[in-house]
Amino acid sequence: MALVNTHFLNLQNNYLFADVAKKVNAFKVMHPKADIISLGIGDVTQPLCPAVIEAMHKAVDEMSTADGFRGYGPEQGYDFLREAILKNDFRPRGIHLDIDEVFINDGAKSDTGNFQELLHWDNFIGVTDPIYPVYIDSNVMIGRCGIYQDGRWTNVRYMPTTAENGFVPEIPQGRPVDVIYLCYPNNPTGTVITKQELRKWINYALKNDALILYDAAYQAYIRDPEIPRSIYEIRGARKCAVEFHSYSKTAGFTGIRCGYTIVPKEVSVATFEGERIPLNQLWLRRQCTKFNGTSYVSQRAAEAIYTPEGKRQVQQTIDYYMENASRLLNTLRSVGYECYGGENAPYIWMRTPDGMTSWSFFESLLYGANVVCTPGVGFGPSGEGYVRFTAFGTHERTLEALERIKRWNR
Ligand SMILES: *Cc1c(COP(=O)(O)O)cnc(C)c1O
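1. Concerning the nonpolar core
Okay, step 1: Counting 101 residues, the largest nonpolar core has Ile-212, Tyr-247, Phe-253, Leu-332 and Phe-389 as its most contacted members.
Okay, step 2: When residues of this core are assigned to their parent elements, the largest contribution, 9 residues, is made by helix 12 (residues 308–335).
Okay, step 3: When sequence neighbours within four positions are dropped, the list of residues in contact with Ile-212 reads Ile-180, Leu-182, Trp-201, Ile-202, Ala-205, Ile-231, Cys-240, Ala-241 and Val-242.

2. Focus on the site of the ligand
Okay, step 1: The ligand sits among 14 residues. The nearest are Tyr-218, Ser-246, Ser-248, Lys-249 and Arg-257.
Okay, step 2: In the model, an oxygen atom of the ligand is placed 2.6 Å from a nitrogen or oxygen of the Ser-246 side chain.
Okay, step 3: In the model, an oxygen atom of the ligand is placed 2.6 Å from a nitrogen or oxygen of the Arg-257 side chain.
Okay, step 4: Notes on the ligand: free accessible area 390 Å², of which the protein chains cover 93%.
Okay, step 5: For the shell around the ligand, the secondary structure elements donating two or more residues are helix 5 (108–114) and helix 9 (248–251).

3. A look at the pattern of salt bridges
Okay, step 1: In this structure the tally under the stated criterion is 20 salt bridges.
Okay, step 2: In this structure, Glu-400 and Arg-404 form a salt bridge, with 3.0 Å as the shortest nitrogen-oxygen distance. Residue Glu-400 and its partner Arg-404 are both found in helix 14 (residues 395–409); the two are separated by 4 residues, about one turn of the helix.
Okay, step 3: Since its relative accessible area comes to 10%, Arg-404 is described here as buried.

4. Some words on helix 4 (residues 79–90)
Okay, step 1: With 12 residues, helix 4 ought to run about 16 Å at 1.5 Å a step, and its terminal C-alpha atoms sit 15 Å apart, in line with that.
Okay, step 2: Among the 12 residues of helix 4, 9 are classified as buried, and the element is accordingly described as predominantly covered.
Okay, step 3: Those residues of helix 4 that fall on the buried side of the exposure criterion are Phe-80, Leu-81, Arg-82, Ala-84, Ile-85, Leu-86, Asn-88, Asp-89 and Phe-90.
Okay, step 4: Looking at the buried residues of helix 4, the elements they touch are strand 2 (102–105), strand 9 (241–246), strand 10 (259–262), helix 11 (296–304) and helix 12.

5. Points about the pairing of strand 3 (residues 125–129)
Okay, step 1: The buried fraction of strand 3 amounts to 5 of the 5 residues, a majority that puts the element mostly inside the structure.
Okay, step 2: Neither face of strand 3 is open: one carries Ile-125, Val-127 and Asp-129, the other Gly-126 and Thr-128, and all of them are buried.
Okay, step 3: One ladder, built from 5 bridges, connects strand 3 with strand 6 (residues 156–160); its direction is parallel. Residue pairing in the sheet places Thr-128 in a bridge with Met-159 of strand 6.
Okay, step 4: The sheet contact formed by strand 3 and strand 7 (residues 179–183) spans 3 bridges and is parallel. Opposite Val-127, over in strand 7, you have Tyr-181 as the bridge partner.

6. A look at the packing of helix 3 (residues 50–63) against helix 11
Okay, step 1: Two elements in contact, helix 3 and helix 11, have axes separated by 8 Å at closest approach and are oriented at 145°. When the axes of helix 3 and helix 11 are compared, the crossing they make is right-handed. Residues Ala-51, Val-52, Ala-55, Met-56, Ala-59, Val-60, Glu-62 and Met-63 of helix 3 form the contact with helix 11, whose own contacting residues are Tyr-296, Val-297, Arg-300, Ala-301 and Ala-304.

7. Some points on the side chain of Gln-313
Okay, step 1: With respect to the helices and strands, Gln-313 occurs in helix 12.
Okay, step 2: Judged by relative accessible area, which is 16%, Gln-313 ranks as buried.
Okay, step 3: Here Ala-51 takes part through its backbone nitrogen, which lies 2.8 Å from a polar atom of the side chain of Gln-313.
Okay, step 4: Once residues within four sequence positions are removed from consideration, Gln-313 is found in contact with Cys-49, Pro-50 and Ala-51.

8. Looking at the sheet that holds strand 13 (residues 338–341)
Okay, step 1: Here 4 strands make up an open sheet; going across it, the order is 13-14-17-16 and the pairing antiparallel. Of all the strands in the sheet, just strand 13 and strand 16 (374–375) have a single pairing partner and so form its edges.
Okay, step 2: In the sheet, strand 16 pairs with strand 17 (residues 386–390) via 2 bridges, with the strands oriented antiparallel. By the bridge assignment for strand 17, Pro-375 is matched with Val-387.
Okay, step 3: Contacts from helix 13 (residues 358–369) reach strand 14 (347–351), strand 16 and strand 17 within the one sheet, and its direction differs from that of strand 17 by about 50°.

9. Concerning the sheet that holds strand 6
Okay, step 1: Pairing is mixed across the open sheet formed by 7 strands, whose spatial order is 2-10-9-8-7-3-6. Edge positions in the open sheet fall to strand 2 and strand 6, since each of these has one partner strand only. On average, each strand axis in the sheet is tilted by 20° relative to the strand beside it, whichever way the strands run.
Okay, step 2: Against the sheet, helix 4 makes contact with strand 2, strand 9 and strand 10, and its axis sits at roughly 110° relative to strand 2, the strand it touches most.

Rules and cut-offs
- Residues numbered from 1 in each chain as written.
- Predicted model: local features only at pLDDT ≥ 70, side-chain atom pairs only at ≥ 80, totals over all residues.
- Heavy atoms only, no water.
- Core = buried A, V, L, I, M, F, W, Y, C linked by side-chain atoms within 4.5 Å.
- Buried < 20%, exposed > 50% of the residue type's maximum accessible area, 1.4 Å probe, protein only.
- Helix = DSSP H or I, 4+ residues; strand = E, 2+ residues; numbered from the N terminus.
- Contact = heavy atoms within 4.5 Å.
- Near = heavy atom within 4 Å.
- Polar contact = N/O pair within 3.5 Å; in protein donor to acceptor, adjacent residues only side chain to side chain.
- Areas by Shrake-Rupley, 256 points an atom, 1.4 Å probe, with all protein chains shown as cover.
- Salt bridge = Lys/Arg side-chain N within 4 Å of Asp/Glu carboxyl O.
- Expected span 1.5 Å × (residues − 1).
- Pairing = 2+ DSSP bridges.
- Axes fitted to C-alpha atoms, helices over the stretch in contact; angles between N-to-C directions.
- Left-handed = near helix turned anticlockwise from the far one by under 90°.

Here it is in structure tokens:
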């Protein structure tokens, strides 16, 4: 008899974006002619830049010749891309990593979801709340989160980030957390972390022998030079942190699938006997068994982001989205809403007016202005009373959405 992994049955069925889609569809059935603008789901809208397209065409042509054809590549990724990463993303910031510490991935979702496999099932995890749902769900699948009660998992430490604490999560007191998920710039709140605050987390991890899993998927959106773009800008991080990067939001790779994960050789975890096991070796072993690499064409595409033209073009698209972010921020504030984020991240986190719940504001915005946002509570209990707007739309549609919101509020 084939038995199910019952941990999967504990997952909450309601996948946030599926619920949003269901409600939007219900609205469409009643109002078939309505023109709905979505500032909800976090996908990008702008095409790949010319440098990337050119590199992909070239890679495809290579594949068509006997000499240029590439089959299985190295599981950790091609050196041409790993070198480009070290040279462009780290060395200029004074971070010296070894090439073997860079693992090319097929997107940060896979690796942030899979990395927990290397850890014993009864580690205690901590997440900032609200949070990208992948971190918790992937731990639920292995039975690490306890049971779901009143909107939270019993065996997860939620570290609230709300307007009340300035979106600065408090260092955990009491039972030590073994594995900490941090995501900065943050999805969904669009807020960032200062070097000073990040240092506190590294000190906590070093002191408690904890592991930090740091998701830097939005680092390209940081404009303030004082804000760290990588956790390794802080001393000591190499001993306790793994960092995930993605080209999805940086360069519109949501459909191409490529990013990378940094696993420093100094990061290790313990056995019950007290032996130290380096995560770098373990991750390599895991990847060689379960992953056959990101496609050659995708890796050539990613390499092109680091050429002078690629850098310029990618920056143009980021600026394009950030213009949306600043319009969203200014207009929503001028209407009287309380908004956060949007300055170093493509998300605006807005408090709902008059203490409305996330879902009731979501529905009134949908019915009143035909604009879709994402209910904050879908990202965790502390997201209640907030909604998220993304800056990934086109200028035209974003402006139109804002005009409607202004009219609706008059
Ligand atoms: C979009 C996103 C990612 C990137 O996922 P990919 O699999 O690389 O497309 C990772 N982390 C967060 C928080 C995100 O919002």
